[in-house]
Amino acid sequence: MTEIADSTRIVKESLNKRYASERRFRRLGLMAIFFGVSFVLILFADIFSKGYTAFLQTQIELEIFYDPAIIDPGHTNDPQVIGKADFAKLYKAALKERFPDATSRSARRDLYNLVSNGVAYSLRDTVLDNPGLIGTRLTLWLVADDEIDMLIKGHIHRDAPESDRRVSNQSIAFIEQLEASDSVRKSFSWTFLTAGDSREPEQAGIGGAVMGSLFTLLVTLSLAFPIGVAAAIYLEEFAAKNQFTDLIEVNINNLAAVPSIVFGLLGLAVFLNFFGMPRSAPLVGGLVLTLMTLPTIIIASRASLKSVPLSIREAALGVGASKVQTVFHHVLPQAMPGMMTGTIIGMAQALGESAPLLMIGMVAFIVDIPTSPLDPSTVLPVQIFLWADSPERAFLERTSAAIMVLLGFLVAMNALAVILRKRFEKRW
Amino acid sequence: MNSKSTARSNSEGHIFHRFDEELQSLIKLVGEMGELATEQVREAGKAIKKGSLERARSVVNRENRIDQLDIAIDEEIHRVLALRAPMAKDLRILLTVNRIGSFLERIGDQANGIAELALFLFKEDSSDPDKRLLSGIPRMAKYVIAMVEMSIQSFKRMDIELALEVIEMDRDLNEQFDTSIRSLTTYVLEDPRRIGDAVQVVLGLRSLDRIGGHAKSISRQVIFMVKGVNVRHQSVEILAAEIRAGSLG
Amino acid sequence: MSKANIYAIENPVTHQPGWIGSRVQEGSENTASPYATVGNIAVPNPRMSARSVNVFYDEKQAINNVSLDIGLNEVISMIGPSGCGKSTFLRCLNRMNDTIDICRVEGEITLQDENIYSKSMDAVLLRARVGMVFQKPNPFPKSIYDNIAYGPKIHGLARSRSELNEIVETSLAKAGLWDEVKDRLTKPGTGLSGGQQQRLCIARAIAVSPEVILMDEPCSALDPIATARVEELIDELRQNYTIAIVTHSMQQAARVSQRTAYFHLGNLVEVGETNDIFTNPKHPLTEAYITGRFG
């Protein structure tokens, strides 16, 4: 009995110490989480505060006269002729009309630079779509030049000395006049979401990069998922366990750790140089990313196959199902959610990858939005890389905005992973 | 705490150490009861031989101790059967203990009968019976006591050859019984006035014969326990041949 | 002498093998030759019959020269300490061991005089003829109906939907489960209680009309009441099926089987009528195991 009393006392004495260490560990854990979360919040706050303005675009209200003399002097109504007309003259005329006092050469230049030169193309397109506009007058909101945009958004300070800013006093005077008559506004910029890349920030959009990413991922998914799952099923369920399969397993695990740029080099050497596939195409990007994500998918799929309880296989074999029936009727449905999660994680990885794509030329400046996996294009992370490199102030906010779009994609994909998991995972 | 450390050091025996202890205690009880029953038979025999009313009374007084042991054994067996669900040899041991208990109880009853015979024969208000009339009883008693002791020994040692000896002794006992009856008959023919005592003595001889029979039954039960073969109704000759050839079971 | 006797004080000499209070130990002089099985391995009307079966996992021998008949419409139980090879032997009977790469089976096992390890015997067909019920109830994560219907479906046993319905109903009825589940056939099989799940697994095995049903510790995950119901079911199934059951519960072997085989370290030590094995086993190892003096 004395022994029991003694041990009770000893246990009691050690309790405080043990609880103290538990409390210490809890505090440490909380601190770690706090640091992690605050870094993420800081990052997000920074990106959002810099990037959200890119979704807005400054516009200037002008009355445009679709002057037949400029557009179609010969009244041919021939689109060929109309297409060659100098539509810039239309908004220049409108600006001259609005500011008749600006007569000096430099004043004229500043005046014309208020509006983005891309406006000429959008005017041409509307006329080509609707030739009936010729000869009419319309009040339109025209896209402002990126410098003006920056000025309006406050990124360029009006009180700074003229030599320190890229907008002249003259331009500011014009803008202030326009503002006085409520002819300047900021509206949601569809251009940013739909347009392709451009030298002019106000005309640059991520539409091309989004489409490029989509095509690339489509190629990756349609190759990596079936190949990865098939490889995993074969290795896990059918292949004999011997030194050769062990070797394959080790190599797959090693491939998952290979730096992605190596896959880019491989793609360059094999797909472009050897097979002669088109440079900068999402098809090649997808192939390269397939190589990169395959190990991830195979490893995740094998793990999820392994986690299917042996009892289910035995049950199926026990009633006389063949190996293939056992795998496809019972094991695969159970393993599917895990495989999909693995695949989507692999896809998310591929979505964020830029290094291997640089190697196969997807870093080129491409204005057109790709319409097939064979068209040259770029992808979101490469677009971000390109914009981050551009000197114009307006590209800074576009970089942040593109990162926001990329993050949005990643969140959406992870959400999809969760939803698929929930839907396919039958918890009986 | 002490018993725990023993259990750990002792790697022999049943996985439930308690079960072996229970079996041991049961076997000890049977041994105790066997000794007591033997003692009762011996004392009853001596009471007749020496004409001692005192011994006879003490036998009668001790009778209920045998009954108590019988009940104790019954209860323990009941408990062990219910809690341990023994199998094979363990089960046979318990069944055997159960039967031996009831045989010993009956042996005690017979001893009691002999003691009561002594009380009847050596009544204080009558003359003692002729010694010749009684001579068969101590002689047979001695033989029967040996049988009972051997049968209990055979149980304790699980010795089927000893058990076989007891079974074979029963034939000699029957001969002794017949001899005693014959000499009694001669005596009664000589002196018909003693016929009442003679009838009582025959009953005493009969009791001893029964005790021998019980010893034989105990021995047959021991053979069942060891070999798992029921030999209760097998002839002694065949049994002896099989045991000696080692072909039993 | 590695054995002790609780009566050693009384008489240290006259003890015999299998003595109460003495635990039989490995390698003691009592251990009979590992290759000789005590008792009659043959029956007059064998449904399955194993002769000189050796099983190896890589180089390690798990079953050592085991010969045993499984009679028509009998329940034979296989008992023995863990790792004695009883489950391995059971799994040889429907070639479940085929799925283990390192497992190698030697010897001959016949089902109705056909060697199940011959090239002409297909493992899939064999498993349709020799069904199996496992230790843990393992219904498919599908509905109760689909659980039963799966086997007949893949084997093409039912030509129409109504035939399939009939198979499902009779199988469930034979397993004594029909009344309990007839109103919830579309509910998941995994939603049943443990005992019901195991009877569902038995019904699933019955559904493909096997000749033999192997059961690998079918009640070890069940409570006593569910166990009793499964045991009762096994007893009923004996009318139409031959059943081989591996069990850790000696009481269960005693209750459900007609013959009992005792395995020890990959050897078939003793086989015989269940009555005899549990009242008067011949081999000291069997005796030691049955009376709980083994370890």
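**Student:** Describe in detail the overall build of chain A, supporting the description with residues and values.
**Tutor:** When helices and strands are counted, chain A shows 18 helices and three strands. Whereas a compact globule of 428 residues would reach a radius of gyration of roughly 22 Å, chain A reaches 31 Å, over 25% beyond that. Taken over the C-alpha atoms alone, chain A extends approximately 105 × 60 × 40 Å along its principal axes. A burial count over chain A gives 43% of its 428 residues as buried. In chain A, the proportion of contacts linking residues at least 24 apart, taken out of those at least 6 apart, comes to 76%. In the form shown here, chain A has an accessible surface area of approximately 22400 Å², with 63% of it arising from carbon and sulfur atoms. Distance between charge centroids for chain A: 10 Å, based on 39 positive and 41 negative side chains.

**Student:** Give me the nonpolar core: which residues, what numbers.
**Tutor:** In terms of nonpolar packing, the biggest core is built from 78 residues, with B:Leu104, B:Leu208 and B:Ile223 touching the most fellow members. The set of elements that each furnish at least two residues to this core consists of helix 2 (17-50), helix 3 (53-84), helix 4 (88-121), helix 5 (131-134), helix 6 (136-157), helix 7 (160-190), helix 8 (195-227) and helix 9 (236-245) of chain B. Sequence-distant contacts of B:Leu208, that is, excluding residues within four places in its chain, are made with B:Val41, B:Ile114, B:Ile137, B:Met140, B:Ala141, B:Val144 and B:Leu173. A:Ala224, A:Phe263, A:Leu380 and A:Trp387 belong to the second-largest nonpolar core, a separate cluster that totals 40 residues.

**Student:** How would you explain the sheet that holds strand 3 (residues 75-79) of chain C if you had to name every residue and give the values?
**Tutor:** Residues and elements named next belong to chain C. Overall, mixed pairing links the six strands, which are arranged 6-7-8-3-9-10 in an open sheet. Every interior strand has two partners, whereas the edge strands, strand 6 (130-133) and strand 10 (267-273), have only one. Geometrically, the sheet is characterised by an average inter-axis angle of 20° between neighbouring strands, direction not taken into account. As judged from the four bridges shared by strand 3 and strand 8 (residues 242-246), these two strands associate in the parallel manner. Looking at strand 8, one finds that Ser-77 is bridged to Ile-245.

**Student:** If you had to explain the domain arrangement of chain A to someone new, which residues and values would you point to?
**Tutor:** Residues and elements named next belong to chain A. On domain assignment, one finds that chain A holds domain 1 (56-188) and domain 2 (207-424). Averaged C-alpha coordinates put domain 1 and domain 2 at centres separated by 46 Å. At the interface, six residues of domain 1 touch five residues of domain 2. Of the roughly 450 Å² buried at the junction of domain 1 and domain 2 (both faces included), carbon and sulfur atoms supply 47%. Looking at the side of domain 1 facing domain 2, the largest losses of area belong to Asp-146, Met-150 and His-155, adding up to 68% of the total buried there. Viewed at the interface, domain 2 and domain 1 are joined by one salt bridge. One salt bridge connects Glu-397 with Lys-153, and the closest N-O pair in it is separated by 2.9 Å. For the pair domain 1 and domain 2, the interface holds two residue pairs in polar contact (both at pLDDT 80 or more). Here the side of domain 1 that touches domain 2 takes three residues from helix 7 (residues 146-152), the largest share from any one element.

**Student:** How would you explain the pairing of strand 2 (residues 60-71) of chain C if you had to name every residue and give the values?
**Tutor:** Taken residue by residue, a regular strand's side chains alternate between the two faces of the sheet. Residue and element names in this part refer to chain C. Burial of strand 2 is extensive: nine of the 12 residues sit out of reach of the surface. Looking at chain direction, strand 1 (residues 46-57) and strand 2 are connected through eight bridges and run antiparallel. Looking across to strand 2, one finds that Val-55 is bridged to Ile-63. Remark: two residues form the turn of the hairpin made by strand 1 and strand 2, two consecutive strands paired antiparallel; Asp-58 in that turn has positive phi of roughly 55°.

**Student:** Describe helix 4 (residues 161-174) of chain C, naming the residues involved and giving the relevant values.
**Tutor:** All names here are of chain C. When the terminal C-alpha atoms of helix 4 are compared, their 20 Å separation across 14 residues agrees well with the 20 Å that a helix rising 1.5 Å per residue should span. Residues of helix 4 that are buried include every one of Leu-164, Ile-167, Val-168, Ser-171 and Leu-172, and no others. The buried residues of helix 4 occupy one face: seen down the axis, they fall within an arc of 120°. In helix 4, the exposed positions that point more than 90 degrees away from the buried face belong to Ser-162 and Glu-166. On its buried side, helix 4 packs onto helix 3 (144-155), helix 5 (178-181) and helix 6 (194-207). Positive phi appears at Gly-176, one or two residues downstream of helix 4, with a value of about 70°.

Rules of the game
Residues numbered from 1 in each chain as written. Chains lettered and ligands numbered in written order. Predicted model: local features only at pLDDT ≥ 70, side-chain atom pairs only at ≥ 80, totals over all residues. Heavy atoms only, no water. Helix = DSSP H or I, 4+ residues; strand = E, 2+ residues; numbered from the N terminus. Rg over C-alpha atoms; globule rule 2.2 N^0.38 Å. Buried < 20%, exposed > 50% of the residue type's maximum accessible area, 1.4 Å probe, protein only. Contact = heavy atoms within 4.5 Å. Areas by Shrake-Rupley, 256 points an atom, 1.4 Å probe, with all protein chains shown as cover. Lys, Arg positive; Asp, Glu negative; His and termini not counted. Charge placed at Lys NZ, Arg CZ, Asp CG, Glu CD. Core = buried A, V, L, I, M, F, W, Y, C linked by side-chain atoms within 4.5 Å. Pairing = 2+ DSSP bridges. Axes fitted to C-alpha atoms, helices over the stretch in contact; angles between N-to-C directions. Domains from an automatic or database assignment. Buried area = accessible area lost by both parts, 1.4 Å probe. Salt bridge = Lys/Arg side-chain N within 4 Å of Asp/Glu carboxyl O. Polar contact = N/O pair within 3.5 Å; in protein donor to acceptor, adjacent residues only side chain to side chain. Expected span 1.5 Å × (residues − 1). Arc of directions from axis to C-beta.

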